[in-house]
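Here are the chains, one letter per residue:
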Amino acid sequence: MISAVKVLERRQVSPPPGSVPPATLSLTFFDGLWLPMLSLVRRLFFYDLPAGTSTDDFRRSHLPLLERSLSLALSVYYPLAGRFVRKPDSDLGDGVIRYSDGDSVSLTVAESDADFAGLVANRPKEAKEFHSLVPPLLPESSSNDMPLVAFQVTVFPGSGVAIGIVLNHVVADGKSSTDFMKSWASIANANGDVSAVKSIPVFDRTLVGDLEGLKRRFLEDAKKLAAAMGGAPPSESATEEARPVQLNRVIRSTFVLTRADIDKIRVKISSESKATSLKLSALVVTYAYVLHCAAKSRESPDQSAKNVYFGIMADSRPRLQPPVPGTYFGNCVVWRLTAADGGEVGGENGFAVAAEAIHGAIRELEDGVLKDAENLIWKWASLMKERLLTIAGSPRFGVYEMDFGWGRPRKAEIVSIEDNGAISLCDSRYEEGGIEIGMVGPEEEMSRFASAFEEGLRRLI
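Numbering of residues starts from 1 in each chain and follows the order in which that chain's sequence is written. In keeping with the predicted nature of the model, local features appear solely for residues at pLDDT of at least 70, side-chain atom pairs appear and are counted solely at 80 or more, and the whole-chain, interface and lining totals rest on all residues. Hydrogens and waters are ignored; side-chain quantities use all the structure's heavy atoms.

Chemist: I keep staring at the overall build of the protein and nothing clicks. Help me out?
Modeler: When its secondary structure is counted, the protein shows 14 helices and 18 strands. Relative to the globule expectation of 23 Å for 461 residues, the C-alpha radius of gyration of the protein, 22 Å, shows essentially globular dimensions. When the backbone C-alpha atoms are referred to their principal axes, the protein occupies close to 60 × 55 × 40 Å. Burial classes follow relative accessibility: with a 1.4 Å probe on protein chains only, a residue under 20% of its type's maximum area counts as buried, one over 50% as exposed, and anything between as partly exposed. Within the protein, the fraction of its 461 residues that count as buried is 53%. The contact rule is simple, with two residues in contact once any of their heavy atoms fall within 4.5 Å. Sequence separation of 24 or more characterises 80% of the internal contacts of the protein that already satisfy a separation of 6 or more. Here the protein displays about 20,000 Å² of accessible surface, and carbon together with sulfur accounts for 51% of that area. With 52 positive and 59 negative side-chain charges, the protein shows a spacing of 1 Å between the two charge centroids. We count a stretch as a helix when DSSP gives it H or I for four or more residues in a row; a strand needs E for two or more, and each element gets its number in order from the N terminus. Between the two quantities, the radius of gyration covers C-alpha atoms and the globule rule is 2.2 Å times the number of residues to the power 0.38. Exposure was quantified through the Shrake-Rupley algorithm and a 1.4 Å probe, taking into account, for residues, occlusion by the shown protein chains and nothing else. Here Asp and Glu are counted as negative and Lys and Arg as positive; His is not counted, and neither are the chain ends. For the purpose of locating charges, the reference atoms are NZ of Lys, CZ of Arg, CG of Asp and CD of Glu.

Now the structure itself:
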């Protein structure tokens, strides 16, 4: 059963008055990649609280500092407090991010009677158990401007707390949004000292180059695609009520590869691959293993024979010429979409086949991260009817370093992977070098994937 979540109050949180001057940021090509889909990223971070902490205890002892530190974090990351404003003269839906003094974000305070221990466990659970822990991102009734982020703090009396965030992808990629969350946590952990922020974000849009023509080409193609489909491209921003009813239960599970598991898979790939120059990072090894398990767990032999379609997202900051600072705030990732033979990926040597395909997609970046970028929308459109596996998050983000004063997160989840069929990857809470894998899918499919995952690890012993 899905337990009830009771909304106690909604607050608006702004940067301290006068702390940030008005500002307008244009959308770069990298931001514009997310504009046609109105893609929303929904994330959850669960924390243990001292035993016996009631909702009133939390609101009295913890909430004031959490709200004050959020205000201070927004003064550093001020675009998040702003709005996405459409350009009135744009026929492609282009716009700007505009911050004005007094702009605010929504902070919902709620209480849940759910089983906290069950929610943070890696066991399979219905995906909708997380839906009410993340707030909606609603346009203001008096304006067409779109807010960019909203937060929810849900107290589980006597157990813990969940911090939920929903973010419009047009304002930031995973690295930037994680940097913000880490900064908010650092300020809270330092009792409101903003100097605890370790790295100051850079907002200079000129750093990524003048790609206005490339952005316009992408948006023009997105408009043509929408017209060909008889409406707008599929959006990831559907509300709970607008989501289609699933015939089968949608299940969410977390799978874990330890550092030892990753090393064993790496050895197996190296022994079976014919390629001599594979760079087998932990990320490549993990993704290859997931692709193998996904291909192996297909429902029928006919499906297994079909191609496996997958995508990688690469941080362009270090790859642009000249490189962009790692603290650049915004979007700065590119997609690489590709395919491999499903029968081979799911076969005996599937680890190596998948790793070679992933490595090939990554090597394309060496020819330039923007090579063939003008055709991205049509590449994406060509795979719309296929099951496309992509990655959300990264083990390099270090989400388990995020301490608000209650210790490390008990669990981190990317709720929005159920919207786009992605898999989530993050660092392990319990072991340096381990990786947590988040998967969502129909119950039968998830059961087959779990069996393939466990069987593959047993074969490595």
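Chemist: Where do I start with the pattern of salt bridges in this structure?
Modeler: Any two side chains of opposite charge can pair, so long as their charged atoms come close to each other. The term salt bridge refers to a side-chain nitrogen of Lys or Arg lying within 4 Å of a carboxyl oxygen of Asp or Glu. Going through the model one piece at a time under the given rule, you end up with 31 salt bridges. Here R252 and E413 are joined by a salt bridge, their closest N and O atoms 3.3 Å apart. In this pair, R252 is assigned in strand 11 (residues 250-257) and E413 in strand 16 (residues 411-414), connecting sequence segments 161 residues apart. The class of R252 is buried, set by a relative accessible area of 1%. Between R252 and E418 there is a salt bridge whose closest N-O contact spans 3.9 Å. In this pair, R252 sits in strand 11 while E418 sits in helix 13 (residues 417-420), placing the two residues 166 residues apart along the sequence. It is possible to trace a salt-bridge network through shared partners that takes in E9, R11, R59 and E67.

Chemist: Explanation requested: the environment of A110 in the structure shown.
Modeler: Relative to the assigned elements, A110 resides in strand 6 (residues 105-112). The buried category is assigned to A110, whose relative accessible area is 0%. It is 5.4 Å that separates the C-alpha atoms of A110 and K6, two residues lying 104 residues apart in sequence. The residues touching A110, leaving out its near neighbours within four places in the chain, are V5, K6, V7, L8, Q152, V153, T154 and V155.

Chemist: Help me understand helix 5 (residues 174-189), please; the structure alone is not making it clear to me.
Modeler: Every helix has an expected span of 1.5 Å times one less than the residues it contains. In this model helix 5 runs 22 Å from its N-terminal to its C-terminal C-alpha over 16 residues, within 8% of the 22 Å that 1.5 Å per residue would give. For helix 5, the set of buried residues is S176, S177, T178, D179, F180, M181, S183, W184, A185, I187 and A188. Among the structural elements, strand 3 (40-48), helix 3 (63-76), strand 9 (149-156) and strand 10 (160-168) are those in contact with the buried residues of helix 5.

Chemist: Would you explain the nonpolar core in this entry?
Modeler: In a soluble, globular protein the nonpolar side chains are often hidden away together inside. With 83 residues, the main nonpolar core has F151, F180, M181, W184 and F404 as its most contacted residues. Per element, the largest residue contribution to this core is seven residues, and it comes from helix 3. M181 has contacts with F45, F151, I163, I165, M402 and F404, leaving out every residue within four places of it along the chain. The next biggest cluster of nonpolar side chains, apart from the first, holds 44 residues, and it includes A295, I312, A361 and L457. The definition of a nonpolar core used throughout is a set of buried Ala, Val, Leu, Ile, Met, Phe, Trp, Tyr and Cys residues joined through side-chain atoms within 4.5 Å.

Chemist: How should I be thinking about the packing of helix 3 against helix 5 in this particular structure?
Modeler: Relative orientation and spacing of two packed helices are given, respectively, by the angle between their axes and the distance between those axes. The geometry of helix 3 relative to helix 5 is characterised by a closest axis approach of 8 Å and an angle of 130° between their N-to-C directions. Looking at the two axes, helix 3 sits oblique to helix 5. Between helix 3 and helix 5 lies a crossing whose hand is right-handed. Seen from helix 3, the contacting residues are L65, L66, S69, L70, L72, A73 and L74; seen from helix 5, they are F180, W184, I187 and A188. We call Asp, Glu, Lys and Arg charged. Ala, Val, Leu, Ile, Met, Phe, Trp, Tyr, Cys and Pro are nonpolar, and the rest, Gly among them, are polar. In terms of residue class, the contact of helix 3 with helix 5 is made up of ten nonpolar, one polar and no charged. Fitted lines through C-alpha atoms give the axes, limited to the stretch in contact for helices. The angle between two N-to-C directions lies from 0 to 180 degrees. Angle categories: roughly parallel below 35 degrees, roughly antiparallel above 145, roughly perpendicular from 65 to 115, and oblique for all the rest. If you view the pair so one helix is near and one far, a crossing is left-handed when the near helix is turned anticlockwise from the far one by less than a right angle, and right-handed when it is turned clockwise.

Chemist: When you look at the packing of helix 8 (residues 282-296) against helix 11 (residues 350-363) in this model, what are you seeing that I'm missing?
Modeler: Contact geometry for helix 8 and helix 11: axes closest at 8 Å, N-to-C directions at 125°. One way to sum up the angle between helix 8 and helix 11 is to call them oblique. Considering the relative orientation of helix 8 and helix 11, their crossing is right-handed. Of the residues in helix 11, those touching helix 8 at V284, Y287, A288, Y289, L291 and H292 are G350, F351, A354, A355, I358 and I362. A class-by-class count of the residues in the contact of helix 8 with helix 11 yields ten nonpolar, two polar and no charged.

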